[in-house]
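For reference, the chains in residue letters:
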Amino acid sequence: MFCLLPHDILLRIAFELALTDPTSNPHHLVPLLQTCRYLHTTLSNSSNHDLYADIFKAKFDTSAPLRRFGAPALYSSNLSEQLVRYCTVLKHIRRADIYSPTILDDFWTAFIMMTENDGRNERQLAAAGLADYVERFVLERLWEGRASTNQWPAESTINALALWLMWFTTDHERLTAEFREEAEAREEAEQRQDLEYTQNSKRKMILDLLRPYILVSTRYPSFHAPDNHFNFPLDPATQDHLPFSLLTPHGIWPLYRRPEDTVSRLPHFTGMISLSHPLITVAAKLLYLARREAQPIQVPPTLIIDRATALAQNRTGVFPTQADILEFNRYRGSQFVDKGNWDDWKDGLSQEELYAEASSTWLPSLKSISSKWDPDWTRLISCTDPWNNSPFKRAVHMYGVLDGLWHGRMLMPDEGSYFRIANAVTLPAGFGESFPFVTTVPVMVRLREHHCIRPAKPLEVPEGDETDDLFDEGVRNGWLPGGTKFREDGRKLEVQDQHGRTLASYETYRPGRPNSHSEDTCDVCCARIGAAEEAMLDRVRERNFQQQDEDPGVSWGYDPMDVDDAYTESEDDEYPEIPEEFIETVCTGIHDIVITGETLHNHGQAWQHYYFYGRVRPWDGLISLVRVPKSNPRTNVFIFRGYIHGGKNFVGTWRARTSNIHSVPMEGPFSLGKRKDESDEPIPPCNLSA
């Protein structure tokens, strides 16, 4: 009976069967395929890519693959193959075997699915039980095999993926449940008057497992390449002789990530891709600090209630009030990942916005969740080898994202204990919650981005002493020349030398206001347009030569505007690597980014007044931000270095400014989240010195 139905009706029946349960593998389709040989042949994956491509698009997200790999990613043959791959991984996750021989490949696929998530991928992984599966791996296997690493936990690909997947699946409900479980266990022990009680809750176990990754910066790298470098690619002469300054018990300092240790190759949509495993320290910091934030800072009743009360009592010094601590507890510095909700994110978008979302071009203005992870993705796929530039690099920094009010915390370990641990060959036996003792310090800052627009020349990068030319490019001063002065008027930033001469001019970013970029003057745009025109003419010439070979009577003349069929691609073509010609980019004209900022007055009254300045490294989007106390600019200067992740978390490592670039500095983790509520406090024109 089924065999007599029209072909399109059969396809529709098969499609609806496959989606009987949208968050499970399409197993309802199997009985239909087993009905007879005709139906199996007609509806099988090998003979009907279009059907399985439609099933994929109904169950999984496709916006990110289109942007990252171009149109070939959505060819039916690629989508049908990807459907099989995803369904296989989801089946493995449901089995929850943390010793599965496929677990590394499964973690890789799940990680990529989460970076491509717009609502559907996350729903599939959540339904398969990814959160509990990854948590169990972390609790039971994260510190596995420490005998070969002097008891230190490994910085391996599988550990990095596990912690990132744990972060992707972390939410308020899970952390609240952990905190409640810990509090109940402690309360029961107190009721039993159990003096020997030692806290062994899940929350404490996770914090203990994460602690080495966030505090021992001499062992676990926090950046894709050391922060002392700004210009890339690095000199080839350094490839065999790394420009390090010290040998520590953990190896050379600073830490370099070699491609052979971090890069994996795996199949994905258009073919094989090569990407570096994500930084394990970033995920560890987000997970650790998010758990610290779940426990609010206690408000001492002896503190003054608020600033107005303090002023009424003529107390004008710098100190926190009860209201300041309550404000600090109100906001998260480690903001959870947006998970989306199937297709709801498209609701309310204009036709122009929907068109942009459906294109293969990344723009900072895109609304999809996955687009916020595109700079992270670019770092993993293009910032793998500091000695070579990737031909496929796109934006590594979401332009304008730093503009706004940031809120979070930094952890300051006890200095003596920190250096004892940093110089320990073996993980110290007492390493834990009280060793080193760690202090939580609030960090609040209002930042602004300033862009150098081509063809304007950016500020030069500082050069070190002659012996340090390959090593020191000014990270201690935010990669900016010492003695420079900044002058802001709300529309532009002028960078001047100590004599008042203008060195460079930058346009201040404002949301919704376009910059001065023009294709007619931008050297990159002019070169690209010229190259595209030349390539088009080359293809037309090649076509006419081919026609001449086939027919000697064909004229040598050609119409350069008649290029409709000069270059075509078939869906049946194979793409073993990412095809560069299908990856669209938009030139913004932004050549360099400088950042300035300060604590707002009310925050400064509570937590000290600071001003900030720094730069964004164009190779991988690393931000170096110098924090200077306004009361005494020569002491307690810290440099915050890190990346923006998911478009809203600024995570990294702070270091104390040292007089010697070759010394190992005091360091610690920080995580800042972007606040959606902008302060009404006006930002005055800023004049400061670097």
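Because the structure is a prediction, the values reported are computed rather than measured. (Residues numbered from 1 in each chain as written. Predicted model: local features only at pLDDT ≥ 70, side-chain atom pairs only at ≥ 80, totals over all residues. Heavy atoms only, no water.)

**Some thoughts on the overall build of the protein**
Item 1. Along the backbone of the protein there are 21 helices and 16 strands.
Item 2. Sorting the 690 residues of the protein into buried and exposed places 53% on the buried side.
Item 3. Contacts in the protein between residues at least 24 apart in sequence constitute 71% of all its contacts with a sequence separation of at least 6.
Item 4. Within the structure as shown, the protein displays about 31400 Å² of accessible surface, and the carbon and sulfur contribution to it stands at 52%. (Helix = DSSP H or I, 4+ residues; strand = E, 2+ residues; numbered from the N terminus. Buried < 20%, exposed > 50% of the residue type's maximum accessible area, 1.4 Å probe, protein only. Contact = heavy atoms within 4.5 Å. Areas by Shrake-Rupley, 256 points an atom, 1.4 Å probe, with all protein chains shown as cover.)

**A look at the pairing of strand 14 (residues 649–656)**
Item 1. Most of strand 14 sits inside the fold, with eight of its eight residues counted as buried.
Item 2. Pairing of strand 13 (residues 638–645) with strand 14, which is carried by eight bridges, proceeds in the antiparallel orientation. Its bridge partner lying in strand 14, Ile639 is registered against Arg655.
Item 3. Taking the residues that link successive antiparallel strands as the turn, the strand 13-strand 14 hairpin has three residues, and the phi of Gly646 there is positive, at about 65 degrees.
Item 4. As paired elements, strand 14 and strand 15 (residues 667–674) share seven bridges and run antiparallel to each other. Paired with Thr653 across the strands is Pro669, a residue of strand 15. (Pairing = 2+ DSSP bridges.)

**Digging into the pattern of salt bridges**
Item 1. Under the definition given, this model contains 35 salt bridges.
Item 2. Arg291 is paired through a salt bridge with Glu178; the nearest N and O atoms lie 2.9 Å apart. With Arg291 in helix 14 (residues 280–293) and Glu178 in helix 11 (residues 172–191), the pair connects residues that are 113 residues apart, well separated along the chain. For the pair Arg291 and Glu178, one class covers both residues: buried.
Item 3. Its salt-bridge partner being Arg448, residue Glu488 comes within 2.8 Å of it at the nearest N-O pair. Linking Glu488 in strand 7 (residues 485–488) with Arg448 in strand 6 (residues 438–453), this pair joins segments that are 40 residues apart in sequence. The pair Glu488 / Arg448 is uniform in exposure class, with both members buried.
Item 4. A cluster of three or more residues bridged by salt bridges with shared partners is formed by Asp132, Glu135, Arg174 and Lys202. (Salt bridge = Lys/Arg side-chain N within 4 Å of Asp/Glu carboxyl O.)

**What about the environment of Leu625?**
Item 1. With respect to the helices and strands, Leu625 occurs in strand 12 (residues 623–629).
Item 2. The exposure class assigned to Leu625 is buried, which follows from its relative accessible area of 3%.
Item 3. Once the C-alpha coordinates of Leu625 and Ile639 are considered, the two residues, 14 residues apart in sequence, prove to be 5.5 Å apart.
Item 4. Ignoring sequence-local partners within four residues, the contact set of Leu625 consists of Leu447, Ile595, Phe612, Tyr613, Gly614, Phe638, Ile639, Phe640 and Phe650.

**What to know about the confidence of the model for the protein**
Item 1. With 89% of its residues at a pLDDT of at least 70, the protein reaches an overall mean of 86.
Item 2. Low pLDDT (under 50) marks residues 552–582, which in the prediction has 53 contacts with non-local residues, meaning those over four places away or in another chain. (pLDDT = per-residue confidence, 0-100.)

**Things to note about a negative patch on the surface**
Item 1. A contiguous patch of negative charge, built from Glu181, Glu184, Glu187, Glu188 and Glu190, is present on the exposed surface.
Item 2. Judged by its relative accessible area of 35%, Glu181 is partly exposed. (Patch = residues over 30% accessible without salt bridge, like charges linked within 9 Å, V, L, I, M, F, W, Y side chains within 5 Å. Lys, Arg positive; Asp, Glu negative; His and termini not counted. Charge placed at Lys NZ, Arg CZ, Asp CG, Glu CD.)

**As for the nonpolar core**
Item 1. In this structure, Phe107, Phe111, Leu163, Trp164 and Leu165 are the most contacted members of the largest nonpolar core, which totals 96 residues.
Item 2. Looking at this core element by element, the count peaks at ten residues for helix 10 (residues 157–168).
Item 3. In contact with Trp164, other than residues within four places in its own chain, are Phe111, Pro278, Leu279, Val282, Ala283, Leu286, Trp373 and His645.
Item 4. In terms of nonpolar packing, the next biggest core, distinct from the first, is built from 30 residues, Leu402, Phe612, Ile623 and Phe650 among them. (Core = buried A, V, L, I, M, F, W, Y, C linked by side-chain atoms within 4.5 Å.)

**As for the packing of helix 6 (residues 76–95) against helix 7 (residues 103–115)**
Item 1. Interhelical geometry of helix 6 versus helix 7 gives an angle of 115 degrees and a closest axis separation of 10 Å. One element, helix 6, and the other, helix 7, form an angle in the roughly perpendicular class. Note that helix 6 runs across helix 7; the crossing there is left-handed. Residues Tyr86, Val89, His92 and Ile93 of helix 6 touch helix 7, and the partners they reach there are Asp106, Thr109, Ala110 and Met113.
Item 2. Split into classes, the residues belonging to the contact of helix 6 with helix 7 amount to five nonpolar, two polar and one charged. (Axes fitted to C-alpha atoms, helices over the stretch in contact; angles between N-to-C directions. Parallel < 35°, antiparallel > 145°, perpendicular 65-115°, else oblique. Left-handed = near helix turned anticlockwise from the far one by under 90°. Nonpolar A, V, L, I, M, F, W, Y, C, P; charged D, E, K, R; others polar.)

**Things to note about the environment of His224**
Item 1. Here His224 shows up in the loop between helix 12 (202–215) and strand 1 (246–248).
Item 2. Between the C-alpha atom of His224 and that of Pro386, which follows or precedes it by 162 residues, the distance is 8.4 Å.
Item 3. Those residues within four positions of His224 in sequence are excluded, and the remaining contacts are Arg257, Leu279, Arg379, Leu380, Cys383, Trp619, Asp620 and Tyr643.
Item 4. For His224, the side chain forms a polar contact with the side chain of Arg257, separated by 3.3 Å. (Polar contact = N/O pair within 3.5 Å; in protein donor to acceptor, adjacent residues only side chain to side chain.)

**Examining the pairing of strand 8 (residues 492–496)**
Item 1. Here strand 7 pairs with strand 8 via four bridges, running antiparallel. Along strand 8, the bridge assignment pairs Lys485 with Gln496.
Item 2. Joining the antiparallel neighbours strand 7 and strand 8 is a turn of three residues, in which Gly490 adopts a positive phi near 95 degrees.
Item 3. Looking at chain direction, strand 8 and strand 9 (residues 502–508) are connected through five bridges and run antiparallel. What sits directly across from Val495, in strand 9, is Ala504.
Item 4. Linkage of strand 8 to strand 9, two consecutive antiparallel strands, is achieved through a turn of five residues, within which Gly500 is found at a positive phi near 90 degrees.

**Focus on the packing of helix 10 against helix 14**
Item 1. Contact geometry for helix 10 and helix 14: axes closest at 8 Å, N-to-C directions at 35 degrees. Classified by chirality, the crossing of helix 14 by helix 10 is left-handed. Across the interface between the two elements, Asn159, Ala160, Leu163, Trp164, Met166 and Trp167 from helix 10 touch Ile280, Val282, Ala283, Ala284, Leu286, Leu287, Ala290 and Arg291 from helix 14.
Item 2. The residue inventory of the contact of helix 10 with helix 14, partitioned by class, reads twelve nonpolar, one polar and one charged.

**A few points about the environment of Leu10**
Item 1. Note on placement: Leu10 falls in helix 1 (residues 7–18).
Item 2. Of the residues examined, Leu10 reaches a relative accessible area of 1% and is grouped as buried.
Item 3. Leu10 sits 32 residues away from Thr42 along the chain, and the two C-alpha atoms are 8.9 Å apart.

**So, the side chain of Asp472**
Item 1. For Asp472, the position within the fold is in the loop between strand 6 and strand 7.
Item 2. In terms of polar contacts, Asp472 uses its side chain to reach the backbone amide nitrogen of Gly474, at 2.9 Å.
Item 3. One polar contact links Asp472 to Arg476, side chain to side chain, over a distance of 3.4 Å.

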